[in-house]
Every structure is written in C-alpha cells, then in structure tokens.
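Understanding the architecture of this molecule
These are the residues of each chain, in order.
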Amino acid sequence: MAKKYIIALDQGTTSSRTILFDDSGKICGISQKETEQIYPKHGWVEQNAVEIYQSQLETLHNVMRENDVDFADVLSIGITNQRETTVVWNKHTGEPVYNAIVWQDVRTTKLCKELKADEQLNDYVRNNTGLVIDSYFSATKIKWILDNVPKAKGLSEKGSLLFGTVDTWLLWNLTKGQVHATDYSNASRTMLYNISELEWDSNMLSRMNVPESMLPEVKPSSFHYGDFTFDDYVIPICGIAGDQQAALFGQACFNKGEIKNTYGTGCFLLMNTGKKPKFSNNGLLTTIAWGLDGEVQYALEGSVFIAGAAIQWLRDGLQLIDHAKDSEYFAKQVKEDSSVYVVPAFSGLGAPYWDMDARGSIFGITRDTGKNHLIKATLESLAYRSKDLILAMEEDSEVKLTSLKVDGGACANNYLMQFQADILDTRVERAEIIESTALGAAYLAGIQIGMWKKEDILNNRKIQKEFKPSMEDEKRNKLYATWKKAVSRSMNWDD
Ligand code: ADP
C-alpha cells in the first residue's frame, strides 16, 4: 500500500515553506521559497499578497514533485502562518486592494498612541481581546487601509471587501474563493475578537470602523474548512493555527502550565493556561491557543525582541564569530563563573519591564575580559530574558513550570540550553523534530481526519536531548540577582 501523507503549509514572514509529513509524523520533504519584503517608508513593512499565495503554491507543487508523491496519497492539508499580517481584497475579483501589511509595520503607531490615551479603552482591549493596544495587531492595519486606500472606501460601502490574516488569504485562494474563514488562534491576534465570548467584538469593530461583513468566520483549529482541488484530486484543508500557537501544539503542550520557547531571531514563549483566559499583570498577552474537541484552550504569551538577533550582532556587527553556531565553542572556553553581563536591549525591553528607552549595555568588564566572555554573556542573556518571562507567566497563571520545551534555530546551542536549564532550575527538552510549527499544523489537520489522536502525538514525541539543571541554588540566585541589577542599569537610557 502506498504511504499516506499530510501536508503543512508554513507561510512565514520571510519565506513560504511546504513540509510533507508521513503518517508517523516524520518529515519526508521540505520545499521553501523566499518572499520579498517591501519597505516603502521608514517603519513600513509590506509584502505582495499575490506573491505570498503563489510562492506557497509553488512550494506545494515542488515538494510533491521532488519527493515523487502523488496527490492521491495526501490525506489532508494544514496551514500555519505569520500572524497579524493583514490582507484586504475585493471579493469579486480576488484582487488585493493594497499590499499585505506585515506584523512588523509600525505606520499606525500614532493612531495607537491616541487610542492608548483613553484609559478605559486600554482596559477594554486587555479584558476582551487579551491584547494591548499596538500597531502590531491587525485592527489598526485594516483601519489604515480603509482610511487611506482610495478604492477601498467605495468597495467597503458596497460590501465588496474581505479581510484576512495570511491563513484566511491562503484558504480563500486554495478553495477558489469558496471559503472565507480563520481559526480561533489567528482571530485572537486581530484586536477585534472577543476571546471570552468567542465572537467578533462589536465595540472594537465600531471603534475601528471595520464592517463585520469583511470578517472571516471563526472556526476551531482542527476543522474541515474546505477543499483544495487539483486535477481530479480533492484534498481537505483540516487544520489552521497561527505560527506560535501551532508550535505550542506541535510541542504537545496540551496541559495547563506547559511552556514552549522558540529561540529564533526573537524568543517566543507560550504557556498553556487551560480552558479559561488568564489576564496578565505583567504585560503578557492573553491569546487563544487553539480550538479543538469542542472547546478552546488559552495561552499566555511573551516575547524577547532580540534573541538570535544578538548572536547575529556578534557575527555581523562585532565580527567575533563567523557562524552563529560557533558561539557555543567560544562560550565554553570560559571556565570561571559569569562576571560579564550583556543586556541586549537594542530596541528597548518588552515584558515584564516594558521600557522602550532601555538600550543595549555591557557590565562587569575588567582588564582580562575578552571576546569569549562577551560571547558567553550574550548567549546567557537569551536564557535570562526567557527566565524573566517565565517568572511572569508563573505569577500570572499561578502555575509552576515543570519542564521547558524548546525549538527554533538557536536551541541547537548546547551551551545555551544547559545554561537555560541551570538558571531556571528546570529540565529543558529539545524535541527530535524542531519544526514544531509545521508539525503542529500537520497534527491539527491529521486529528480532524481521524488519523491521529492527542495520545498518539504525545507518544510520538521524541526528545532528542534533555538538559538537566545542575547549578547550586546559591550560585543561581546570585547570577540572576546580578542580571536584574544589570537590567535595571540599562533602563531609561535613551530618555
Ligand atoms: P527565524 O525563524 O526567526 O528566522 P530561526 O529559528 O531560523 O529564526 O533561527 C535563527 C536565529 O538563531 C538567528 O538569529 C541565529 O543567529 C540564531 N542561531 C542559529 N543557530 C544558532 C546557534 N547554534 N547558536 C546560537 N544562535 C544560533
């Protein structure tokens, strides 16, 4: 009998990828294509929405051809995507009225500042959407398109416009304009969705002047959304989740208190907080993890803006290393305890400090400080910043971390992972498949068609390496206290 496959479409910020999984959850093929980033003005980041779709489709066909797999053997498709990025298009022609406005785009900062001046609105947004007012989320990006793109206004009045995050845009195109839908996890990143009531929030819609007719239907993350047809083949699209939530699922963090940390350019930490939303007192975001089995799971989310980017700075800015992975070797050359601290607050500090005026700083330099100390301290800063967020999550959720599941490019660094385990005093588990995002989307699609159950996913999960804490309490406490001192001195610099 021919092998059966599930396809994950992983549409990221810089590339579209398609990953082919077999029925045991093993990766059988990957195809990737970069997408162009457009920077029309300082702080503006756009992408061509048509290119996003076409590059995704191209990688889908490529992965099939390169691995000699027939569409007849593909049982289902799952989608995972860069979140918050906003596409608005004409529902009759399928033509976007403007480029996709990418999550990093800050053109609506001024509007957000005005909105933030209204204290009641801040509380309303936090308690109903789980978010903080920020240009990052889709709401003000949609408003910007409606207010500034000449043809958008007329089309909107005629009810001819549709909005979607990237999942919705892909789904609509893959189903030839038949299905306009999204999942809970993506809806919860728009700043328009009421995460407790599970419906579009009418107050937010009227405040943002967004007509409800533009918005997609919101469905569970594991759900038969519609079908992709190619030649005579009909393949059901059965999973959708935003990238970080998909990674939480791919890491099998199904229970309350389980946390995954993705060490990429930035670090993204998500904690499963169970069936009720937990609202943060530390500036963390509350978000929907996924909808499955007739219920919704919530998560707390925090991010470190500069993580792997600090390693890139060692490589490209300071030219201390040739490759990011070399940082491990150099850090290990320092045998004594840490005395140097790097606070990589290059663009301010996020949760739980929230100080946009903090700047990158180096402390504790003495005459014998050399390159290796700087590299070691920079790696350690990723672990300290992650601990800052985990402590905030523990406080908000009143749940204690038992183990940390890791993925992302920089989790390959053994020095960093051991230090992370030591400074947290918790086990760190590096999964065998670190493509957690795509795996999560594949699992969601596979569950819907009855190919997998949650128990299979737990049983399938293989740990490639486990890092056990081995640092004495006294030392850990001293190191972390010194880190906090370093952070406090880096704050309020650019005032
Ligand atoms: P993204 O998805 O954000 O592009 P990736 O998950 O591909 O990020 O990870 C790449 C980031 O991780 C880069 O910033 C790079 O500097 C860092 N990185 C990759 N490998 C290592 C390593 N072995 N040690 C430390 N940092 C690394």
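Residues numbered from 1 in each chain as written. Predicted model: local features only at pLDDT ≥ 70, side-chain atom pairs only at ≥ 80, totals over all residues. Heavy atoms only, no water.

1. Looking at the overall build of the protein
The number of helices and strands found in the protein is 16 helices and 23 strands. Expected size for 495 residues packed as a compact globule is a radius of gyration near 23 Å; at 22 Å, the protein falls within 12% of this value. Taken across its 495 residues, the protein has 59% of its residues classed as buried. In the protein, of all internal contacts separated by at least 6 residues, the share reaching a separation of at least 24 is 71%. Element-wise, carbon and sulfur atoms account for 47% of the exposed surface of the protein, whose accessible area totals about 20400 Å². Seen as two clouds, the 54 positive and the 66 negative side-chain charges of the protein have centres 3 Å apart. (Helix = DSSP H or I, 4+ residues; strand = E, 2+ residues; numbered from the N terminus. Rg over C-alpha atoms; globule rule 2.2 N^0.38 Å. Buried < 20%, exposed > 50% of the residue type's maximum accessible area, 1.4 Å probe, protein only. Contact = heavy atoms within 4.5 Å. Areas by Shrake-Rupley, 256 points an atom, 1.4 Å probe, with all protein chains shown as cover. Lys, Arg positive; Asp, Glu negative; His and termini not counted. Charge placed at Lys NZ, Arg CZ, Asp CG, Glu CD.)

2. Quick notes on the site of the ligand
Taken together, 13 residues form the shell around the ligand, and within it Thr265, Gly308, Gln312, Gly409 and Asn413 come nearest. Thr265 places a side-chain nitrogen or oxygen 2.6 Å from an oxygen atom of the ligand. At 2.8 Å from an oxygen atom of the ligand is found a main-chain nitrogen or oxygen belonging to Gly409. For the ligand, the protein covers 67% of the area, taking 570 Å² as the surface of the free molecule. Broken down by element, the shell around the ligand gets its largest block of residues, four residues, from helix H10 (residues 308–317). (Near = heavy atom within 4 Å. Polar contact = N/O pair within 3.5 Å; in protein donor to acceptor, adjacent residues only side chain to side chain.)

3. Section: the sheet that holds strand S17 (residues 285–292)
Spatially, seven strands are ordered S17-S18-S16-S15-S21-S22-S23 in an open sheet, and the strand pairing comes out mixed. Where the open sheet ends on each side, the last strands, each with one partner, are S17 and strand S23 (463–467). Averaged over all pairs of adjacent strands, the angle between their axes in this sheet comes to 25°, without regard to strand direction. Across the sheet, helix H9 (residues 243–250) is in contact with strand S15 (259–263), strand S16 (267–274), S17, strand S18 (295–304) and strand S21 (403–407); its angle to S17 comes to roughly 60°. (Pairing = 2+ DSSP bridges. Axes fitted to C-alpha atoms, helices over the stretch in contact; angles between N-to-C directions.)

4. Notes on H9
The buried fraction of H9 amounts to eight of the eight residues, a majority that puts the element mostly inside the structure. Every buried residue of H9 is listed here: Asp243, Gln244, Gln245, Ala246, Ala247, Leu248, Phe249 and Gly250. Of the residues flanking the end of H9, it is Ala252, one or two places downstream, whose phi is positive at about 55°.

5. Here's the deal with the packing of H10 against helix H12 (residues 371–397)
One can describe the packing of H10 onto H12 by two numbers: an axis separation of 9 Å at closest approach and a directional angle of 165°. Classed by the angle they form, the pair H10 and H12 counts as roughly antiparallel. In the crossing of H10 with H12, the sense of the turn from one axis to the other is right-handed. For the pair H10 and H12, contact is made by Gly308, Ala310, Ile311, Trp313 and Leu314 and by Leu374, Ile375, Thr378, Leu379 and Leu382, respectively. In terms of residue class, the contact of H10 with H12 is built from eight nonpolar, two polar and no charged. (Parallel < 35°, antiparallel > 145°, perpendicular 65-115°, else oblique. Left-handed = near helix turned anticlockwise from the far one by under 90°. Nonpolar A, V, L, I, M, F, W, Y, C, P; charged D, E, K, R; others polar.)

6. What to know about unusual backbone geometry
Between Ala351 and Pro352 the backbone carries a cis peptide bond, its omega angle lying at -5°. Mapped onto the elements, Pro352 comes out in the loop between strand S19 (341–343) and strand S20 (361–363). Here Asp231, not a glycine, exhibits a phi torsion of approximately 50°, which is positive. Its relative accessible area of 63% is what places Asp231 among the exposed residues. A positive phi angle, close to 55°, is found at Gln319, a residue other than glycine. Note that Gln319 resides in the loop between H10 and helix H11 (326–332). The class of Gln319 is exposed, set by a relative accessible area of 62%.

7. Considerations on helix H1 (residues 49–66)
Across its 18 residues, H1 extends 26 Å between first and last C-alpha, which sits within 8% of the 26 Å expected from 1.5 Å per residue. Every buried residue of H1 is accounted for by Ala49, Ile52, Tyr53, Ser55, Gln56, Thr59, Leu60, Asn62, Val63 and Met64. A distance of 2.8 Å separates the backbone nitrogen of Val50 from a side-chain oxygen at the start of H1, and that oxygen is part of Asn48. Where H1 terminates, the next one or two residues include Asp68, which has phi positive at roughly 55°. (Expected span 1.5 Å × (residues − 1).)

8. Focus: the packing of H12 against helix H13 (residues 414–424)
In contact at an axis separation of 9 Å, H12 and H13 are set at 40° when each is read in the N-to-C sense. With respect to H13, the element H12 is oriented oblique. With respect to the hand of their crossing, H12 and H13 are arranged in right-handed fashion. Of the residues in H13, those touching H12 at Lys376, Leu379, Glu380, Leu382, Ala383, Tyr384, Ser386, Lys387 and Ile390 are Tyr415, Leu416, Phe419, Gln420, Ile423 and Leu424. For the contact of H12 with H13, a count of residues per class yields ten nonpolar, two polar and three charged.

9. So, the pairing of strand S8 (residues 161–164)
With burial as the criterion, each face of S8 is covered, one bearing Leu161 and Phe163 and the other bearing Leu162 and Gly164. Alignment of strand S6 (residues 87–90) against S8, held across four bridges, turns out to be antiparallel. In the sheet register, Trp89 faces S8, and the bridge partner there is Leu162.

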